[in-house]
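One-letter residues, chain by chain:
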Amino acid sequence: MNPFKMRPERTGDLFVDWEKFWVKPYNKNEVNPYTRTRIILMNGTEFENVWFSHQFSRSVGDDELRRKLAYIRKSEQQQQKILTHLKPADESALEHTIGYEQLAVDLTAHLAKRVNDKNIKSALDFALLEDFDHLYRYADYLDFTTGEHAEKLVGGYTEITPGRPTISHHRHPYDSIRYPMTDKCPATMDVLAANVITAAEQQTMNYYMNTAALWPDEMGRRLYQEIGMVEEQHVTQYGSLLKPCMSRLENLLVHQYVECWLYWSCYETETDTRIRGIWQFMFEQELKHLHIALELLRQYEKKDWQEVIPDAEFPAPLVLESNIEYVRCVLGSTVNDTACRERYVDVRTNAPETFIRYQRLVNDPVRNVMSHTFIEDYIRKNGEDYRFEVAPNPVPELRDRTKDNICVGRQPLCRNRY
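It should be emphasised that the depicted structure is a prediction, and the values quoted were computed from it without experimental measurement.

Colleague: Before we move on, could you go through the packing of aromatic side chains and cite the residues and values that matter?
Modeller: Tallying each qualifying case throughout the model produces 20 aromatic pairs. The interplanar angle of 65° and the centroid separation of 5.5 Å between the aromatic rings of Y208 and Y224 together place this pair among those described as edge-to-face. Placement of the pair is Y208 in helix α7 (residues 188-214) and Y224 in helix α8 (residues 218-239), with a sequence separation of 16 residues. Across this residue pair, the class does not change: Y208 and Y224 are buried. Aromatic rings pair up to connect Y100, Y138, Y141, Y207, Y208, W215, Y224 and F374 into one cluster.

Colleague: An account of the pattern of salt bridges is requested, with residue identities and associated values reported.
Modeller: If you walk through the whole model with that rule in mind, you get 24 salt bridges. Between R66 and D63 there is a salt bridge, and its shortest N-O distance comes to 2.6 Å. In this pair, R66 and D63 both sit in helix α3 (residues 63-85), three residues apart, roughly one turn of the helix. By relative accessible area, D63 is classed as partly exposed at 38%. Linking K303 and E250 is a salt bridge whose minimum nitrogen-to-oxygen distance equals 2.9 Å. Separated by 53 residues along the polypeptide, K303 in the loop between α10 (273-301) and α11 (324-334) and E250 in helix α9 (residues 248-269) bring together distant segments of the chain.

Colleague: Please set out the environment of A312 residue by residue, giving values where relevant.
Modeller: Relative to the elements of secondary structure, A312 occurs in the loop between α10 and α11. We classify A312 as buried; its relative accessible area is 2%. For the pair A312 and L242, spaced 70 residues apart in sequence, the C-alpha to C-alpha distance is 18 Å. For A312, the residues in contact, after removing those within four places along its chain, are M1, N2, P3, F4, Y257 and W305.

Colleague: Give a detailed account of the pairing of strand β2 (residues 343-346), specifying residues and quantitative values.
Modeller: The pairing of strand β1 (residues 337-340) with β2 spans four bridges and is classified as antiparallel. Pairing of C340 across the sheet is with R343, part of β2. Between β1 and β2, which pair antiparallel and follow one another directly, the connecting turn spans two residues, one of which, R341, has a positive phi of 50°.

Colleague: Quick rundown of the environment of E91? Include the residues and the values.
Modeller: Following the sequence through the fold, E91 ends up in the loop between α3 and α4 (93-114). By relative accessible area, E91 is classed as buried at 2%. Separated by 309 residues in sequence, E91 and D400 place their C-alpha atoms 32 Å apart. Each residue touching E91, except ones within four places of it in the same chain, is listed here: Y26, K28, R36 and H96.

Colleague: Go over helix α5 (residues 118-146) with me, naming the residues and quoting the values.
Modeller: Taking 1.5 Å as the rise per residue, α5 with 29 residues should run 42 Å; its terminal C-alpha atoms sit 42 Å apart, in good agreement. Judged by how many residues are buried, α5 sits mostly within the fold: 23 of 29 residues are covered. Backbone nitrogen of N119 and a side-chain oxygen of the N-cap are separated by 2.7 Å at the start of α5; the cap is D117. Count one or two residues on from α5 and you reach G147, which has phi positive near 80°.

Colleague: Account for unusual backbone geometry, naming residues and giving values.
Modeller: Going from D364 to P365, the amide bond is cis rather than trans, its omega being 5°. Tracing the chain through its elements places P365 in the loop between α13 (353-362) and α14 (370-382). Positive phi, close to 55°, is recorded for K302, a residue that is not glycine. The topology assignment puts K302 in the loop between α10 and α11. With a phi angle near 50°, R341 is a residue other than glycine that sits in the positive phi range. Mapping R341 onto the fold places it in the loop between β1 and β2. R341 sits in the partly exposed class, given a relative accessible area of 37%.

Colleague: Go over the packing of α5 against α14, please, and point to the residues and values.
Modeller: Axis separation between α5 and α14 bottoms out at 10 Å; the angle between their running directions is 45°. Taken together, α5 and α14 sit at an angle that is classed as oblique. Pair α5 / α14 crosses with left-handed handedness. Counting all contacts with α5, which are made through Y136, R137, D140, Y141, D143 and F144, the residues of α14 involved are S371, H372, F374, I375, D377, Y378 and K381. Classifying every residue of the contact of α5 with α14 gives six nonpolar, two polar and five charged.

Parameters and conventions
Residues numbered from 1 in each chain as written. Predicted model: local features only at pLDDT ≥ 70, side-chain atom pairs only at ≥ 80, totals over all residues. Heavy atoms only, no water. Phe/Tyr/Trp six-rings, centres within 6.5 Å; stacked < 30°, edge-to-face > 60°. Helix = DSSP H or I, 4+ residues; strand = E, 2+ residues; numbered from the N terminus. Buried < 20%, exposed > 50% of the residue type's maximum accessible area, 1.4 Å probe, protein only. Salt bridge = Lys/Arg side-chain N within 4 Å of Asp/Glu carboxyl O. Contact = heavy atoms within 4.5 Å. Pairing = 2+ DSSP bridges. Expected span 1.5 Å × (residues − 1). Polar contact = N/O pair within 3.5 Å; in protein donor to acceptor, adjacent residues only side chain to side chain. Axes fitted to C-alpha atoms, helices over the stretch in contact; angles between N-to-C directions. Parallel < 35°, antiparallel > 145°, perpendicular 65-115°, else oblique. Left-handed = near helix turned anticlockwise from the far one by under 90°. Nonpolar A, V, L, I, M, F, W, Y, C, P; charged D, E, K, R; others polar.

Shape descriptors only; they carry no functional weight alone.
Below, the structure is given as structure tokens:
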């Protein structure tokens, strides 16, 4: 399917009345975990498009162009509000957080298995282990504060066990920049993957930033604050992968193409009939947005879609599904990696000085690192941490359930200071 060769529906407007805004939320006790994660993914995708459109509009002085951007943006905002309303009021922010991290794990793993660019794959595999550990930390916090087990929320599709410990994630910002895509015509799947994961991680960063400020207890506020800072690193990393030489109008076209592919993927893989109808509606809306963006590109830059996305046939749909074995393989082989400028190195033998200095600056004393101290509190209360595993953790140092490991991924600091 090539969306540029499809004719969008000409009848009707992009906008709907208030009644159509009030979609029925899903039932949190019955929803498929991947229906929840698809909704989170598309909410973040819509936010990225709105944010990009605002920045674009503020950088140009042509009011006719700005009106067209405002027209698309209003429709994108409408879509985002509909998606937000699908979350039920009785699903707590922490339960929803489990959905965010399950999405991060299984989306990242899926994209890593499909990309062609080794630089993009390395970035995905690297951050995968950090989001995987965040899922474990939030799952323990959920049980610690409510007694609810996150394995039910993830449906048993995603393991809950330590990854690269969160205390090891904190790095100097200079080490969050990656090589961008430089090929004149990068593979379509690579373009899709870089844009999708940037938007998804940006949504997570924003959600944690807002949740931290509203959280009722200090432990939760500090946990969201700390992990939110890691998500900032992920957004910086993934955003730096994007092709830097594209014009604003070319980027607008890519943003709309990405949305078309994602909504089509959601429609193709959704198991809930009612939600599937929403995905179809959203795809039809995005097809209109895409063709407006194409008209603007032709009008202002005299370019056609082939000059931006030469191979516009949709790749196979994005599938959110269990990736347990893939995650275990990456965890077992790269848990001790950290970033050193655009590269990844084993911290046991080649720890960057920037990493060492930054770790000492933010993590000393260790008792102030909430991702670690609340796990220790949990263990003191319950005797061992909470996990959902299909087999022992693939990293031997992370198998002890009676002590939170703070050395994996930062061994030189443990030898020298702690």
